[in-house]
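# Analysis of the macromolecular model
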Amino acid sequence: MSIIADLILAGGKVVSPDAVIEASVAIKDGKILAVGAADAMPPARETVDVSGMHVLPGAIDVHVHFRDPGYPQKEDFASGTAAAAFGGVTTVFDMPNTIPTVGTAEALAAKHKMASEKAHVDYGLYAVLGEDTIENVPALIEGGVIGFKLYMGNTFGKIASPSTGAMLEAFEVVAPSGKRISLHAETNSIMERRETRLRQAGRTDPLAHLASRPAVVAIEAVSRAAILAEWTGARIHILHISSADELRPLREAKARGVDITGETCPHYLMLSADDYARFASVIRVNPPVREARNQEPLWAALADGTVDIIATDHAPHSREEKTRNDMFDVDCGFPGVETQMPLMLTAVNAGRMTIMDYVALSAAKPAKIWGLYPRKGVIAPGAEADIAVVDLAREMRLDDAGLQSRAKITPFHGRKVKGLPVHALVRGRFVMRDRTLVEGTRGHGRSVHTIQEMPAPAPRNTDQTMESITRVPARQQESTA
Ligand code: DOR
Ligand code: ZN
């Protein structure tokens, strides 16, 4: 009896990190059944003509803030994942700075329940690794996390940054699990002191934000995190790399064999200090958008692999929260999950990188780094059918009002893009079709922590961990008994 596919995407150009091939894609039961010539495809219930379009593995955005629960005026899990679907993003990893913070098994369980009811796309949930949550690590892993988030510096949500001592202990505790720790790598004490001084001096203008967080804030944090990861064998990921100068400690750590990866975001590649005049407080984000001289080294780092992936730090806030007079009172960040792919495809069209490079940075490499590959991040038989069908010739002007996110304000407002996702499929099901959200897909998204297959963990200096040194030797126990 011959197999009948559920769907065939016919006649597109299928993209992987190594090749672009003219091929049709057959999908069955949420997975890729076959990739090949049109006449080699099995019969199918539905065939969709995608000729002229590129067929990409859906983007995996490992850094979004969907604000649920806690801040419905900014976003919720339904609006955030709908924005993702519009952006060709089929998996997101959501950050824990919600109310309550995701630092206990109870908060995590509640978030899993909420997300499973609302998500249009697949997701992973981060838990926070802070001074007071180290003891919860086993229960959080048991409850299903994609990884941990550690705030070395303060940002939206005011999650206290752990001391270096607590950070070392946190790394020791997570290392044996092999879970990756994603770091907000900005050193708090430097920023706090400078912000206080700037305020005292009466500086609350947009550029005061940049002045309060010079690149040394990130250079120091990346270097310190790399040393602790090297000592403990913990896997770490540097979030939102914003400066040329933090690339050096990142490169050096990689050369020493530290399991360290990094991401940058479109705003660090495409915006600069020159844009503060036009966008004023809207551009406030942590880390800050920096001087234009940082852009070329960041592009080069993507090309040479120093920076592994593209993510967005999708950080929605309401217009009122983004447009206050005192720069230090403005909420940090802006939406990005739906503008990443159009912006990066525009760069592909401009010859900045190939579409194969883009697929590596947006899908294949994130899947590999978090143990989801080859179930996700690739269009090949057996993989989950997470797909973005894109039209590289289609143009649009990004516009605040056109955003799917509840946060209708972005410093990319007015920018012309060329290259748009037209359809998005999550496990074989259209969630966005012809640039329209498909009804009934709320709740289709699932947590991906269940398919995480990380390489064997490699903890180091285990005889010197806090746990080892505080274990009372048996002999001593007897003598005190
Ligand atoms: O600008 C930012 N906003 N940076 C962060 O790290 C957090 C984010 C948020 O949650 O708003
Ligand atoms: Zn963030």
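Report on the accompanying structure. (Residues numbered from 1 in each chain as written. Chains lettered and ligands numbered in written order. Predicted model: local features only at pLDDT ≥ 70, side-chain atom pairs only at ≥ 80, totals over all residues. Heavy atoms only, no water.)

### Here we look at the overall build of the protein
- Looking only at helices and strands, one finds 16 helices and 17 strands in the protein.
- Against the globule reference of 23 Å for 481 residues, the protein gives a C-alpha radius of gyration of 22 Å, in line with a compact fold.
- The dimensions of the protein, computed from C-alpha atoms along their principal axes, are 75 × 60 × 40 Å.
- In the protein, of all internal contacts separated by at least 6 residues, the share reaching a separation of at least 24 is 75%.
- Accessible surface, the protein: about 18,300 Å² in total, of which carbon and sulfur atoms supply 52%.
- Across the protein, the 53 positively charged side chains and the 58 negatively charged ones have centroids separated by 2 Å. (Helix = DSSP H or I, 4+ residues; strand = E, 2+ residues; numbered from the N terminus. Rg over C-alpha atoms; globule rule 2.2 N^0.38 Å. Contact = heavy atoms within 4.5 Å. Areas by Shrake-Rupley, 256 points an atom, 1.4 Å probe, with all protein chains shown as cover. Lys, Arg positive; Asp, Glu negative; His and termini not counted. Charge placed at Lys NZ, Arg CZ, Asp CG, Glu CD.)

### Description of helix 11 (residues 295-304)
- Gln 295, Leu 298, Trp 299, Ala 301 and Leu 302 are the residues of helix 11 that are buried. The arc that holds every buried residue of helix 11, seen down its axis, measures 160°, which confines them to one face.
- Looking at the packing, one finds that the buried side of helix 11 touches helix 8 (247-255), strand 12 (260-264), helix 9 (266-270), strand 13 (309-310), helix 13 (340-349) and helix 14 (355-369).
- Gly 305 sits one or two positions beyond helix 11 and adopts a positive phi of about 90°. (Buried < 20%, exposed > 50% of the residue type's maximum accessible area, 1.4 Å probe, protein only. Arc of directions from axis to C-beta.)

### Re the site of ligand 1
- What surrounds ligand 1 is a group of 14 residues, the closest being Arg 67, Asn 97, His 184, Asn 286 and Cys 332.
- Contact between ligand 1 and Asp 313: a nitrogen atom at 3.4 Å from a side-chain N or O atom of the residue. (Near = heavy atom within 4 Å. Polar contact = N/O pair within 3.5 Å; in protein donor to acceptor, adjacent residues only side chain to side chain.)

### Things to note about the coordination of the zinc ion (ligand 2)
- Every protein donor of the zinc ion (ligand 2) is accounted for by His 63 (NE2), His 65 (NE2) and Asp 313 (OD), and the metal-donor separations fall at 2.0 to 2.2 Å.
- Linear spacing of the donor residues for the zinc ion (ligand 2) on their chain is H-x1-H-x247-D. With a gap of 250 residues between them, His 63 in strand 6 (residues 59-64) and Asp 313 in the loop between strand 13 and helix 12 (319-322) connect regions that are remote in the sequence. (Donors = N, O, S within 2.8 Å, 3.2 Å for Na, K, Ca; no water.)

### Examining the packing of aromatic side chains
- Applying the stated criterion across every chain yields a total of five aromatic pairs.
- Between Phe 93 and Trp 370 the ring centres are 5.5 Å apart and the planes differ by 75°, which places this aromatic pair in the edge-to-face class. Here Trp 370 lies in the loop between helix 14 and strand 14 (387-397) and Phe 93 lies in strand 7 (residues 89-94), a separation of 277 residues in the sequence. Each member of the pair, Phe 93 as well as Trp 370, is classed as buried.
- Feature note: the residues Phe 66, Phe 77 and Tyr 123 constitute an aromatic cluster, connected by ring pairs.
- Positioned over the ring face of Tyr 373 is Lys 368, at 4.5 Å from the centre of the ring.
- Positioned above the aromatic ring of Phe 430, the side-chain terminus of Arg 433 is 4.0 Å from the ring centre. (Phe/Tyr/Trp six-rings, centres within 6.5 Å; stacked < 30°, edge-to-face > 60°. Lys NZ or Arg CZ within 6 Å of the ring centre and 35° of its normal.)

### Brief notes about the nonpolar core
- Counting 98 residues, the largest nonpolar core has Phe 171, Ile 181 and Leu 183 as the members making the most contacts within it.
- Setting aside residues up to four positions removed in sequence, Phe 171 forms contacts with Leu 150, Ile 181, Leu 183, Ala 225, Leu 228, Ala 229, Thr 232, Ala 234 and Ile 236.
- If you look at the next biggest cluster of nonpolar residues, it comprises 20 residues, including Val 14, Ile 32, Ile 379 and Val 422. (Core = buried A, V, L, I, M, F, W, Y, C linked by side-chain atoms within 4.5 Å.)

### Quick notes on the pattern of salt bridges
- Evaluation of the coordinates by the stated rule reveals 31 salt bridges.
- Among the salt bridges present, the one from Glu 46 reaches Arg 433, with a minimum N-O distance of 2.9 Å. You can see Glu 46 sitting in strand 4 (residues 44-49) and its partner Arg 433 sitting in strand 16 (residues 429-433), a full 387 residues away along the chain.
- A salt bridge links Arg 406 to Asp 76; the nearest nitrogen and oxygen atoms lie 3.3 Å apart. Linking Arg 406 in the loop between strand 14 and strand 15 (416-426) with Asp 76 in the loop between strand 6 and helix 1 (77-86), this pair joins segments that are 330 residues apart in sequence.
- Residue classification places Asp 76 among the buried residues on the basis of a relative accessible area of 11%.
- Residues joined by salt bridges that share partners form a network here, namely Asp 122, Arg 375, Lys 376, Glu 384, Asp 386 and Arg 427. (Salt bridge = Lys/Arg side-chain N within 4 Å of Asp/Glu carboxyl O.)

### Topic: the pairing of strand 12
- When you tally the buried positions in strand 12, you get five out of five residues, the bulk of the element.
- Side chains of strand 12 alternate between two faces, with Ile 260, Gly 262 and Thr 264 and Thr 261 and Glu 263 buried alike.
- Two strands pair when backbone bridges link them, and strand 11 (residues 235-238) and strand 12 are joined in this way by three bridges, in the parallel orientation. Within strand 12, the residue paired with Ile 238 across the bridge is Gly 262.
- After leaving strand 11, the chain enters helix 8 and then returns to the sheet as strand 12, a path that is right-handed.
- Pairing geometry for strand 12 and strand 13, over two bridges, is parallel. Bridge pairing in strand 13 places Thr 264 opposite Ile 310. (Pairing = 2+ DSSP bridges. Right-handed = clockwise from strand over helix to strand, strands pointing away.)

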